[in-house]
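Here is what each chain is made of, one letter per residue.
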Amino acid sequence: MLAAVIKAKNKEELNRGIKKTDAADLIELRLDYIDSFDYNLIEKIKKKLKKSLLITCRKKYEGGFFDGKENYRIDALKNGIKYGADYIDIEYSSDKIDVKHLVKNKNNTKIIISYHNFKETPNNIKNIYKNIKKLNPDLIKIVTNANSVTDNFKIFELIRNANKEKKKIIAFCMGSYGQFSRILSIILGSQITYASVGKGEESAAGQPTIHELVDYYRIKKLNKNTKIIGLIGNPVEHSWSHIIHNAGLDKLGINAVYLKFQVDRLKEFIEYFKRMNTLGFSVTIPHKIEVIRYLDEIDEKAKGIGAVNTIVVKNKKTIGYNTDCDGAILALKTKTNLKNKNVVVIGAGGSTRALTYGLKEEGAKISILNRTIKKAKLIADHFDCDYAPLEQLKNINYDVLINTTSVGMYPDINSSPLQSDFIKKNSVVFDIVFNPYKTKLLKDAEERGCTTIPGFEMLINGAVLQFKLWTNKNAPEQLMKKKVLEYLKNVGHQN
Ligand code: ATR
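Residues numbered from 1 in each chain as written. Predicted model: local features only at pLDDT ≥ 70, side-chain atom pairs only at ≥ 80, totals over all residues. Heavy atoms only, no water.

Student: Please explain the site of the ligand as it appears in this structure.
Tutor: All residues adjacent to the ligand are Ile285, Gly347, Ala348, Gly349, Gly350, Ser351, Asn370, Arg371, Thr372, Lys375, Thr405 and Val407. Within the side chain of Asn370, one N or O atom sits 2.8 Å away from an oxygen atom of the ligand. Here an oxygen atom of the ligand and a side-chain polar atom of Lys375 are 2.9 Å apart. Within the complex, the protein chains bury 67% of what would otherwise be the 640 Å² of accessible surface of the ligand. (Near = heavy atom within 4 Å. Polar contact = N/O pair within 3.5 Å; in protein donor to acceptor, adjacent residues only side chain to side chain. Areas by Shrake-Rupley, 256 points an atom, 1.4 Å probe, with all protein chains shown as cover.)

Student: Even after reading the chapter, I still don't get the sheet that holds strand β19 (residues 428-431), so can you show me in this structure?
Tutor: Strand pairs in the sheet, formed through backbone hydrogen bonds, run parallel or antiparallel to each other. Taken together, six strands build an open sheet; the order of strands is β17-β16-β15-β18-β19-β20 and the sheet is parallel. On the outer flanks of this sheet lie β17 (386-389) and β20 (451-454), each paired with one strand and no other. Mean inter-strand twist for the sheet, computed between neighbouring axes without regard to direction, equals 20°. Pairing analysis gives four bridges linking strand β16 (residues 365-370) to β17, with the strands arranged parallel. Considered in β17, the bridge of Ile368 is made with Tyr387. (Pairing = 2+ DSSP bridges. Helix = DSSP H or I, 4+ residues; strand = E, 2+ residues; numbered from the N terminus. Axes fitted to C-alpha atoms, helices over the stretch in contact; angles between N-to-C directions.)

Student: I'm lost on the environment of Arg30 in this one. Help?
Tutor: Position of Arg30 among the secondary structure elements: in strand β2 (residues 26-30). Between the alpha carbons of Arg30 and Asn225 there is a distance of 33 Å; along the sequence they are 195 residues apart. Apart from the residues lying within four places of it in its own chain, the contact partners of Arg30 are Val5, Ile6, Lys7, Thr56, Arg58, Gly63, Gly64 and Ser203. (Contact = heavy atoms within 4.5 Å.)

Student: So what exactly am I meant to see when it comes to unusual backbone geometry here?
Tutor: Leaving glycine out, the prevailing phi sign among residues is negative, and the prevailing peptide bond configuration is trans. For the bond running from Asn234 to Pro235, omega is 5°, close enough to zero to count as cis. Among the secondary structure elements, Pro235 is positioned in the loop between β9 (227-233) and α9 (241-251). Put simply, Asn435 and Pro436 share a cis peptide bond, and its omega is 15°. Among the structural elements, Pro436 can be located in the loop between β19 and α15 (440-447). Even without being a glycine, Asn472 presents a positive backbone phi close to 65°. Within the secondary structure layout, Asn472 lies in the loop between α16 (455-471) and α17 (477-491).

Student: Looking at this model, I keep getting lost on the environment of Ile81. Mind explaining?
Tutor: The topology assignment puts Ile81 in helix α3 (residues 70-82). On a C-alpha basis, the gap between Ile81 and Lys106 in space is 6.2 Å, while along the polypeptide they are 25 residues apart. Apart from residues no more than four positions distant in its own chain, Ile81 is found in contact with Ile88, Leu102, Asn105, Lys106, Asn107, Thr109 and Ile111.

Student: What should I look at first to understand the packing of aromatic side chains in this one?
Tutor: One pair of aromatic rings is described through two measures. These are the centre distance and the angle between the planes. The tally for this structure, following the rule as stated, stands at 22 aromatic pairs. Aromatic pair Phe261 and Phe281: ring centres 6.0 Å apart, planes at 70°, arrangement edge-to-face. A residue pair is termed long-range when its members are at least 10 positions apart, and Phe261 in strand β10 (residues 256-262) and Phe281 in strand β11 (residues 278-283) qualify at 20 residues. Ring geometry for Tyr437 and Phe456: centres 5.4 Å apart, planes at 55°, overall tilted. Pair noted here: Tyr437 is in the loop between β19 and α15 and Phe456 is in helix α16, with a separation of 19 residues, a long-range link. One Lys or Arg, Lys60, reaches over the ring of Phe65 and ends 5.7 Å from the middle of that ring. Its end group placed over the ring of Tyr398, Lys424 keeps NZ or CZ at 5.9 Å from the ring centre. (Phe/Tyr/Trp six-rings, centres within 6.5 Å; stacked < 30°, edge-to-face > 60°. Lys NZ or Arg CZ within 6 Å of the ring centre and 35° of its normal.)

Student: Is there a simple way to think about a nonpolar patch on the surface in this case?
Tutor: Nonpolar side chains collect at one region of the surface, where Met409, Tyr410 and Ile413 lie side by side and expose about 250 Å² of accessible area between them. Relative to the helices and strands, Ile413 resides in the loop between β18 (400-403) and β19. Of the residues examined, Ile413 reaches a relative accessible area of 32% and is grouped as partly exposed. (Patch = residues over 30% accessible without salt bridge, like charges linked within 9 Å, V, L, I, M, F, W, Y side chains within 5 Å. Salt bridge = Lys/Arg side-chain N within 4 Å of Asp/Glu carboxyl O. Buried < 20%, exposed > 50% of the residue type's maximum accessible area, 1.4 Å probe, protein only.)

Student: What is the right way to look at the environment of Lys221 in this model?
Tutor: The residue Lys221 is located in the loop between α8 (210-216) and β9 in this model. Once the C-alpha coordinates of Lys221 and Ala256 are considered, the two residues, 35 residues apart in sequence, prove to be 9.5 Å apart. Beyond its immediate sequence surroundings of up to four residues, Lys221 is in contact with Thr226, Asp250 and Asn255.

Student: Any chance you could explain the pattern of salt bridges here in plain terms?
Tutor: Oppositely charged side chains may form a pair once their charged atoms are brought near each other. Here the structure, examined in full by the defined rule, presents 33 salt bridges. As a salt-bridge pair, Glu43 and Lys47 come within 3.8 Å of each other at their nearest N and O atoms. With Glu43 and Lys47 both in helix α2 (residues 40-49) and four residues apart, this pair spans about one turn of that helix. With its nearest N and O atoms 3.8 Å apart, the salt bridge here joins Glu486 to Lys482. Taken as a pair, Glu486 and Lys482 lie in helix α17 at a separation of four residues, close to a single helical turn.

That is the geometry; function is a separate question.
Okay, structure coming up:
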């Protein structure tokens, strides 16, 4: 179930919030935020919206706003029962006499006993689960902070165990390492996930909006058979891959969801997820090279490049691929032939390696130019091509110029890796930076009459190739493009 959390101060804010809960199954009213509450509204709201109502009054210590007397707080929950709330949520840290009283006198209301830990996911979490279970609630709620991606695994084990015991549980992790668990826990059998009615209206850090959960992650279509795909990186919050891939999965009616995993312990993560119902992963900074040693097989191209950006999981085996290279070459080939062309590649990182590998295959003549010459030499020696310091650009005659550095990437949108008068008139300029859509380098190049290729094209090409590897189906490319451009327009990153 999807719960919309409303933390209104007064009746006006409450009404405004309620209007934004259309897609939710349940409304959690946080009485700790409201100045005074008319309990008759419980029945009115239920009737009008035909949704279940959950009453919570969180004290400060549990991440809430209430700092009055405890008996007032317990009375608020008793009133919740009296006036017909479908659920009330009482914290495990409350006086056990109060908890037992509420459980005993619950009438038709379901009781959630909740445990929150904003610091960590303690090792004794199983005991906490057992102790809550003894109090006989209708739902056991356990929410902890993940300080590593592996903390989520403890919570998933709790959910699996509760499923086995046929106990209803709500469990997930908070924090950036736990963000994905708000969605994945629902697939595993957790009963409720919480969402805010809009940006800035969250009741807990990292709480997604209803819009994000419903429109991007298709939370209402997920079930225990939903397969998992996702991005492995650190950080991951700024990535748009979830917009691209979930739009494609939805369009083709594939029961899979694409999540974003902030991963610190890469080896443990891969070992854990290859045993799940997983189709595969995208891999991004900083894991593209390290991940190679944890995979069962590596495709020849990825081996040649020395980096993996895509993992396919098949029969609990992991196979590494690299679609960066083909994604970039496809984008370039829409605008130019590469055979015997003089190509300058700026930068000397992982993306430079992928590009150089592909350019070499196409028969281009490559010069690698980098701020740090040593790094340029390393790649040039490996791929048997030329290299030079960045300042040499003005003396090089080239047909195609490619930027593989991150210079110009949002939010640093007014920077370019080179002076505009170094851009050769009428050449082809490709920038792998995809945010913003049109970088400073591309704008300068346009002014000099160049043919330009935005990094966005490489990103979409790569995503289409990944989609095929995971699902064996052709991705709906135009729709994926449209969705991400719409998203960019909304967040104001496109120009
Ligand atoms: P990736 O693996 O994604 O390609 P990376 O390994 O961090 O990323 O590589 C970034 C490249 O961008 C490097 O070659 C870096 O130059 P140095 O080798 O001199 O560090 C280049 N780069 C980053 N910021 C730059 C800047 N302001 N000017 C020029 N080059 C820059």
